[in-house]
Amino acid sequence: MDLRYSDAEEAFRAGLRAWLESVLPALGPKPSPFDWPARRAYDTAWQRMLFDAGYAGIDWPVEGGGRGASPVEQLIYLEELERAHAPYVGVNFVGLLHAGPTIVAEGTPEHRARFLPPILRGEEVWCQGFSEPGAGSDLAALRTRAVLDGDDYVVTGSKIWTSHAEVADYCELLVRTGGEDSRHKGITWLAMPMDLPGIEIRPLKTIVGSTEFAELFLDGVRVPAANRIGDENDGWRVTMVTLSFERGTAFVGELLQSMELLRELRALAGRTGAWDDPGVRRRLGHMGAELDALWALTRRNVSQATRTGVPGIGGSVFKLGFSELRQRISELGMDLVGRAGLSWDELPVLDGGPPLANAEIVDVWGNSFSRTIAAGTSQIQRNIVAERILGMPKG
Amino acid sequence: MDFELSDDEVALAEGVRRLCAGRFPLDDLRTAEGSSVVVDTDGWRALADAGVFGLRAGGDDGLGLGMAEAAVVFEELGRALVPGPLVATHLAATYGIVPGAAEGEVVVGSVERPAPSGGRAVVPIVVEHLGALGTLVVVEDDGISLVEAGTLDAVPVARALDPLTPLWRVDRIPVGRRVGSAEQAARWRREEDVLDASLCVGLAFAMLDMAVEYAKGREQFGRPIGSFQAVKHLCADMLVRAETARAASHAAAVTIDQPDVGDPERASAGAALLAAEAANANGRSCIQVHGGMGFTWEVPAHLFVMRARVVAARMRPPASLAETVAERY
């Protein structure tokens, strides 16, 4: 076991750090979370900067136009971005982390040439059309129907939890091409242009007030059959292939951001006097120990991925632990700001001193509710851990 | 950066696991339940021969390895419920303060000398395995001293919690012979916490394995209880606690070996906090999964539960560990 980075790894870090220091000041302030066109412009401009500097698709294989970085380099990349408060993937999330890698693995040469460069350059934004009102945790129950008619699939149905739908150019869409009860064996993966007739977008307002995702209503949308990735009815496998790109780094940025948040809460407790309460110090210390442990687990998962190509059992274990810890940290934040947390906006403190940063704390708290739901609910994660790792019998 | 176990570390763990399975099978251990001397001379020598005590010692006796290797070894000892003052003997051998400790010739125990109470209630002084000890290490803020175990005025504890950890109550600890500085005392406490954390990680995994195995075999309502989500989720949470604590205790050990990668004090306190919690909580879940049988001596779950409490009681209290992390965060 060795936690020291090699000279080559440190050189990679130094180059990245110097680049970030040189370019970040020019990036300008982050846009309002309510202004989608501005968010798209900001995130895609950042992606273009990454592309020009050779950091786009850091984790993509070289044959897909990526950098093919090692898992440890990916870890360093995310660590340095977080340290420099650089933007994360934002609206490029689906393209960079899911649709793109899927096309790298399963697309034809034509697909790769058409779809990958615009993702890497920040020119095209993707959204995800997987879940449906009747297919959430049970994704294989999806019912959006696609029927081949000439050169097109005619698609009818509805999708939900589609992030960035309002500003997306393409949707990675899972459709039912097999019989009604074909489940995993009757699903097909399509790249659907978002400007086709028959697509209606209804934004969903989240509990924090922004529209992070939408419902999609598809009524006879004609998607070219040439946009099918993989074989007809093989879409489930095509989708799962992407998961093998996961190197145990999925939550690195958020974990490090949580560590910084805890340090901010510590400073806040000092300012308000809450630090004098041993109960507060112990909650902070316990959460600090848990964050340190999850950071250790992250480095373990990345090390396993380096050796075996997959992060092993650690991913689900990490996701379970981190989701719930993040919620507890956010509850501590709300406890510390008290009445100052009763608005989504910053409330001034009475003595005229600097604000308590309550807006960020309230925002983290509001968003924390989604942690144990998105990307597999904690209940589903526990089933996965019990069945796949511990070998317990299916119910 | 490679935080996976190296091939050597894996081989070391496997070697200790084999040794434990051969020399300390649970059924054999249980024949000593309630005895005043649980540590047997041959077994102790076998542990010494495997390097358990001397692996970090320098010179001809030692293997010159680090805390990372020690953590791996102690995890296996915890998993196999090996009894005895393993950590104290290992540390005494590491610091070279008790001749014969590394070779398994002398069994070494340790005790914390209580600080002046200021009128508050003080928990009793308890010495583990006194009947088997040659030397007792006394740890206090300003240093480490040695006391010959036979000179202690001690009363056996009649109904010790862990049937495999006999205890003696001591009202007064003699002054002893000073062998280490305040700095060394701090180092002792830190390393003891990390090795105790490793023992707890081993216990936490042992109890997880026991619960999962039982849940796969035990049938109710015509199917294995392990197929019920309520039981699965108990076991999944046990794994999360054990894996998280394991990563923390390994990181603490590596941070002691490589202090440039972090803060050894914060890492040790955090590892001890989470590992003790994992062992205690997994004990509770293990018994819960076993149902009524878990509450009896018919299954050995209670032995692991009691050992977890013995090890946790050696550590600083959870509140103090958590505050240490908070102050250094």
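So, a few notes on the structure that sits alongside this text.

1. Considerations on the overall build of chain B
Next up, step 1: Assigned secondary structure in chain B consists of 10 helices and nine strands.
Next up, step 2: Relative to a compact globule of 329 residues, whose C-alpha radius of gyration would be 20 Å, chain B shows 19 Å and is just as compact.
Next up, step 3: Based on the C-alpha atoms only, the size of chain B along its principal axes is roughly 65 × 50 × 45 Å.
Next up, step 4: Burial statistics for chain B: of 329 residues in total, 54% are counted as buried.
Next up, step 5: Look at the contacts in chain B between residues 6 or more apart in sequence, and 74% of them connect residues 24 or more apart.

2. Focus: the interface of chain B and chain A
Next up, step 1: Across the contact, 43 residues belong to chain B and 43 residues belong to chain A.
Next up, step 2: For the side of chain B that touches chain A, the secondary-structure elements that each account for two or more residues are helix H6 (182–217), helix H7 (229–257), helix H8 (264–290) and helix H10 (318–328) of chain B.
Next up, step 3: At 15 residues, the largest contribution of residues to the side of chain B that touches chain A is made by H7 of chain B.
Next up, step 4: Across the side of chain B that touches chain A, the residue classes break down as 26 nonpolar, 10 polar and seven charged.

3. Some words on the sheet that holds strand S5 (residues 154–156) of chain B
Residues and elements named next belong to chain B.
Next up, step 1: Read from one edge of the open sheet, three strands run S2-S6-S5, paired in antiparallel fashion. Of all the strands in the sheet, just strand S2 (125–128) and S5 have a single pairing partner and so form its edges. Mean inter-strand twist for the sheet, computed between neighbouring axes without regard to direction, equals 35°.
Next up, step 2: Pairing of S5 with strand S6 (residues 167–170), which is carried by three bridges, proceeds in the antiparallel orientation. Note on S6: the bridge partner recorded for alanine 154 is valine 170.

4. Notes on the sheet that holds strand S3 (residues 135–140) of chain B
All names here are of chain B.
Next up, step 1: Strand order in the open sheet formed by four strands is S1-S3-S4-S7, and the pairing between neighbours is mixed. With partners counted over all chains shown, the strands left at the sheet margins are strand S1 (108–112) and strand S7 (177–180), one partner each. Averaged over neighbouring strand pairs, the angle between their axes works out to 35° when direction is ignored.
Next up, step 2: Pairing between S3 and strand S4 (residues 143–148): six bridges, direction antiparallel. The residue bridging valine 137 from the neighbouring strand is leucine 146, located in S4.
Next up, step 3: Of the strands in this sheet, S3, S4 and S7 are in contact with H6, which crosses S4 at around 80°.

Cut-off values and rules
Residues numbered from 1 in each chain as written. Chains lettered and ligands numbered in written order. Predicted model: local features only at pLDDT ≥ 70, side-chain atom pairs only at ≥ 80, totals over all residues. Helix = DSSP H or I, 4+ residues; strand = E, 2+ residues; numbered from the N terminus. Rg over C-alpha atoms; globule rule 2.2 N^0.38 Å. Buried ≥ 20, exposed ≤ 12 C-beta atoms within 10 Å, placed from the backbone. Contact = placed C-beta atoms within 7 Å. Nonpolar A, V, L, I, M, F, W, Y, C, P; charged D, E, K, R; others polar. Pairing = 2+ DSSP bridges. Axes fitted to C-alpha atoms, helices over the stretch in contact; angles between N-to-C directions.

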